[in-house]
Amino acid sequence: MYDTIVESAFRRDVVQGLSASQKTLSSKYFYNAAGDELFRQIMACPEYYLSRAEEQLLRDHSAAMVRACAKRLGYFDIVELGAGDGSKTVHLLREALQQGCIHQYIPIDIPASSVDYLLHTLAPQLPGLAIEGIVGEYLPALDQALTASQRPKLVLFLGATIGNLLPAEAWAFCWQLRERLRPGNLLLVGFDLKKDPATILAAYNDQAGLTSAFNLNLLQHINDELGGNFEVGAFAHYPVCDPATGACKSYLISQCAQRVTLDDGTAFEFAPGEAIYMEVSQKYSVAEIEELGRTARFLSVHTFFDAQQRFVDVLWQRG
Ligand SMILES: C[S@@+](CC[C@H](N)C(=O)[O-])C[C@H]1O[C@@H](n2cnc3c(N)ncnc32)[C@H](O)[C@@H]1O
């Protein structure tokens, strides 16, 4: 049932996106089983500093984070939006277990394969922790997690995933999160900070071609699930970084004039050099993050930096 809804939403979004004057595909469809595996490889590649920075941050600050949460929430559940492989979250969960303040961990993600992978890899590392995954979209799945128990919640949104929204969308998303959370609940959000644009651009244009393969995999995903006939090699990955706005955007560029169809006969024409807008990875200054939290009406509890000040996890409280 869920798979059917997901398939029809995927088709609707692909048709809408590729019919727009600026063709676009939603980055949430990057993450099928192949996309998950590619993202795990990206996280380990030398240019993609984000994961290493946030992992170090979590290693260094998990104890303080958990103390800050336990002080405000007592005994609580951790809900994670877009949990991925949970390889960084494990530090926080281990610490919460040690401090005896966590009841349950509820990871949320779209692909069932991702949630299964996470359950199989995390459970043996965290004996005694109750883990209940939810396959679904952020907000409906969060509603499910919030209504499942009255216990206080810490909601995680890590990995600079908030950067996959443009700033106005990020604000709207934070506002929607705030409306759902109960007074006193906490939100921990990971942001990638503005820095040398060459460093940022390299992270999305790695030498091994993993980010390119990750973007192109979405065309293959369309071929596999919607009966598309994309010639994947006829598109090229093209990232650009604007240091003024902090937006690093990825495009796929059509290498020739081509026509692509889906199994229901829907057709899309591509001119040579035409771009499909794939994803934004928005970078923030600390002041912009503070402004975002304030205008979404969260109270700032603490800002945790990695040692090289490349990345922050901010802890906000719903007032
Ligand atoms: C950039 S990855 C980050 C993964 C992990 N949080 C980390 O820090 O390594 C984004 C994750 O969010 C998930 N995701 C993207 N859009 C989503 C949505 N609308 N609802 C639920 N999960 C989503 C993806 O499947 C993916 O696992």
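The structure presented is a predicted model; accordingly, all values stated were derived computationally and were not measured. (Residues numbered from 1 in each chain as written. Predicted model: local features only at pLDDT ≥ 70, side-chain atom pairs only at ≥ 80, totals over all residues. Heavy atoms only, no water.)

*Asks:* Whenever I open this one, the nonpolar core confuses me. Can you help?
*Replies:* Nonpolar side chains in soluble globular proteins generally cluster together in the buried interior. Counting residues in hydrophobic clusters, the biggest one holds 68 residues, and the most contacted among them are Leu25, Ile78, Tyr105, Leu154, Ile222, Phe235 and Ile276. Sorting elements by how many residues they give to this core places helix H3 (residues 49-73) first, with 10 residues. Counting contributing residues per domain, this core is built from domain 1 (2-30 + 206-282) and domain 2 (49-193 + 284-318), each supplying no fewer than three. Every residue in contact with isoleucine 276, bar those within four places of it in the chain, is listed here: Leu18, Gln22, Lys23, Thr24, Leu25, Leu219, Phe235, Ser250, Tyr251, Leu252 and Phe270. (Core = buried A, V, L, I, M, F, W, Y, C linked by side-chain atoms within 4.5 Å. Buried < 20%, exposed > 50% of the residue type's maximum accessible area, 1.4 Å probe, protein only. Helix = DSSP H or I, 4+ residues; strand = E, 2+ residues; numbered from the N terminus. Domains from an automatic or database assignment. Contact = heavy atoms within 4.5 Å.)

*Asks:* Would you mind showing me how to read the sheet that holds strand E7 (residues 235-242) here?
*Replies:* Note: strands within a sheet are paired through backbone hydrogen bonds, in either parallel or antiparallel orientation. Here we have 3 strands laid out as an open sheet, ordered E7-E8-E11, and antiparallel in their pairing. The open sheet has two free edges, formed respectively by E7 and strand E11 (275-282), since each of these has just one partner strand. Mean inter-strand twist for the sheet, computed between neighbouring axes without regard to direction, equals 20°. With 8 bridges joining them, E7 and strand E8 (residues 247-254) adopt antiparallel strand pairing. Residue pairing for E8: phenylalanine 235 is matched across the bridge by serine 254. Together, E7, E8 and E11 form the strand contacts of helix H9 (residues 210-226), whose direction differs from that of E7 by roughly 120°. (Pairing = 2+ DSSP bridges. Axes fitted to C-alpha atoms, helices over the stretch in contact; angles between N-to-C directions.)

*Asks:* I tried to follow the packing of aromatic side chains on my own but got confused; where do I start?
*Replies:* Any aromatic ring pair is given by two values, namely how distant the centres are and how the planes are angled relative to each other. Counted according to the given criterion, the structure contains 19 aromatic pairs. Linked through ring pairs, Phe30, Tyr31, Phe39, Tyr48, Tyr204 and Phe214 together constitute an aromatic cluster. One residue, lysine 23, lies across the ring of phenylalanine 270, its end atom 4.9 Å from the ring centre. A cation over a ring is seen here: lysine 249 above tyrosine 277, with NZ or CZ 5.4 Å from the ring centre. (Phe/Tyr/Trp six-rings, centres within 6.5 Å; stacked < 30°, edge-to-face > 60°. Lys NZ or Arg CZ within 6 Å of the ring centre and 35° of its normal.)

*Asks:* What is the right way to look at helix H4 (residues 89-98) in this model?
*Replies:* Note that an α-helix has 3.6 residues per turn; residues three or four places apart therefore point the same way. In terms of burial, H4 is a largely internal element, 7 of the 10 residues being buried. What H4 keeps buried is the set Thr89, Val90, His91, Leu92, Leu93, Glu95 and Ala96. For H4, the elements touching its buried residues are H3, strand E1 (76-81), strand E2 (102-109), helix H5 (112-122), strand E5 (153-157) and strand E6 (186-192). Phi for glycine 100, located one or two positions after H4, is positive at around 65°.

*Asks:* What should I look at first to understand the site of the ligand in this one?
*Replies:* Within the structure, the ligand sits among 18 residues, and Gly82, Lys88, Asp109, Glu137 and Tyr138 are positioned closest to it. Take glycine 82: an N or O atom from its main chain is 2.7 Å from a nitrogen atom of the ligand. Between the ligand and the protein, one listed contact pairs a nitrogen atom with a backbone N or O atom of tyrosine 138 at 3.0 Å. Computed on the free molecule, the ligand has an accessible area of 590 Å², of which 94% lies beneath the protein chains in the complex. (Near = heavy atom within 4 Å. Polar contact = N/O pair within 3.5 Å; in protein donor to acceptor, adjacent residues only side chain to side chain. Areas by Shrake-Rupley, 256 points an atom, 1.4 Å probe, with all protein chains shown as cover.)

*Asks:* Help me out: how do you make sense of the pairing of strand E13 (residues 311-318) in this one?
*Replies:* The side chains of a regular strand alternate, first on one face of the sheet and then on the other. Taking burial as the measure, the 8 residues of E13 include 8 buried ones, the bulk of the element. The alternating pattern of E13 places Phe311, Asp313, Leu315 and Gln317 on one face and Val312, Val314, Trp316 and Arg318 on the opposite face, and all of these are buried. As judged from the 7 bridges shared by E6 and E13, these two strands associate in the antiparallel manner. In the sheet register, valine 189 faces E13, and the bridge partner there is valine 314. Bridge analysis of strand E12 (residues 298-305) against E13 gives 7 bridges, and the strand direction is antiparallel. Bridge pairing in E13 places phenylalanine 304 opposite aspartate 313.

*Asks:* Please clarify how the pattern of salt bridges should be interpreted in this entry.
*Replies:* Two side chains with opposite charge may pair up if their charged atoms get near one another. By the definition in use, this model includes 17 salt bridges. The residue lysine 23 makes a salt bridge to glutamate 274 at a minimum N-O spacing of 2.7 Å. Placement of lysine 23 in the loop between helix H1 (2-19) and helix H2 (33-44) and of glutamate 274 in the loop between strand E10 (267-270) and E11 is noted, with a sequence separation of 251 residues between them. There is no split in this pair, since lysine 23 and glutamate 274 are both buried. Ionic pairing is found between lysine 195 and aspartate 192, a salt bridge with its closest N-O pair at 2.7 Å. Three or more residues joined by partner-sharing salt bridges are found here, namely Arg11, Asp263 and Asp264. (Salt bridge = Lys/Arg side-chain N within 4 Å of Asp/Glu carboxyl O.)

*Asks:* Mind showing me how you'd approach the domain arrangement of the protein chain here?
*Replies:* As a measure of interface size, the accessible area lost when the parts come together is often cited. Examined at the domain level, the protein chain breaks down into domain 1 (2-30 + 206-282) and domain 2 (49-193 + 284-318). On a C-alpha basis, the centroid separation for the pair domain 1 and domain 2 is 28 Å. Every contact between the two is made by 9 residues of domain 1 and, on the other side, 11 residues of domain 2. Carbon and sulfur atoms supply 52% of the area that domain 1 and domain 2 bury against each other, a total of about 840 Å² over both sides. (Buried area = accessible area lost by both parts, 1.4 Å probe.)

*Asks:* Please explain the environment of tyrosine 138 as it appears in this structure.
*Replies:* As for its position among the elements, tyrosine 138 is in helix H6 (residues 138-148). Placed 67 residues apart in sequence, tyrosine 138 and lysine 71 show a C-alpha to C-alpha distance of 27 Å.

*Asks:* I'm lost on the packing of H3 against H4 in this one. Help?
*Replies:* Each packed pair of helices is defined by two parameters, the angle between the axes and the distance between the axes. Where H3 contacts H4, the axes come no closer than 8 Å and their chain directions differ by 25°. Taken together, H3 and H4 sit at an angle that is classed as roughly parallel. Note on packing geometry: the crossing formed by H3 with H4 is right-handed. Packed against H3, whose contacting residues are Glu55, Leu58, Arg59, Ser62, Ala63, Met65 and Val66, the element H4 presents Thr89, His91, Leu92, Glu95 and Ala96 at the interface. Residues belonging to the contact of H3 with H4 are distributed by class as follows: 6 nonpolar, 3 polar and 3 charged. (Parallel < 35°, antiparallel > 145°, perpendicular 65-115°, else oblique. Left-handed = near helix turned anticlockwise from the far one by under 90°. Nonpolar A, V, L, I, M, F, W, Y, C, P; charged D, E, K, R; others polar.)

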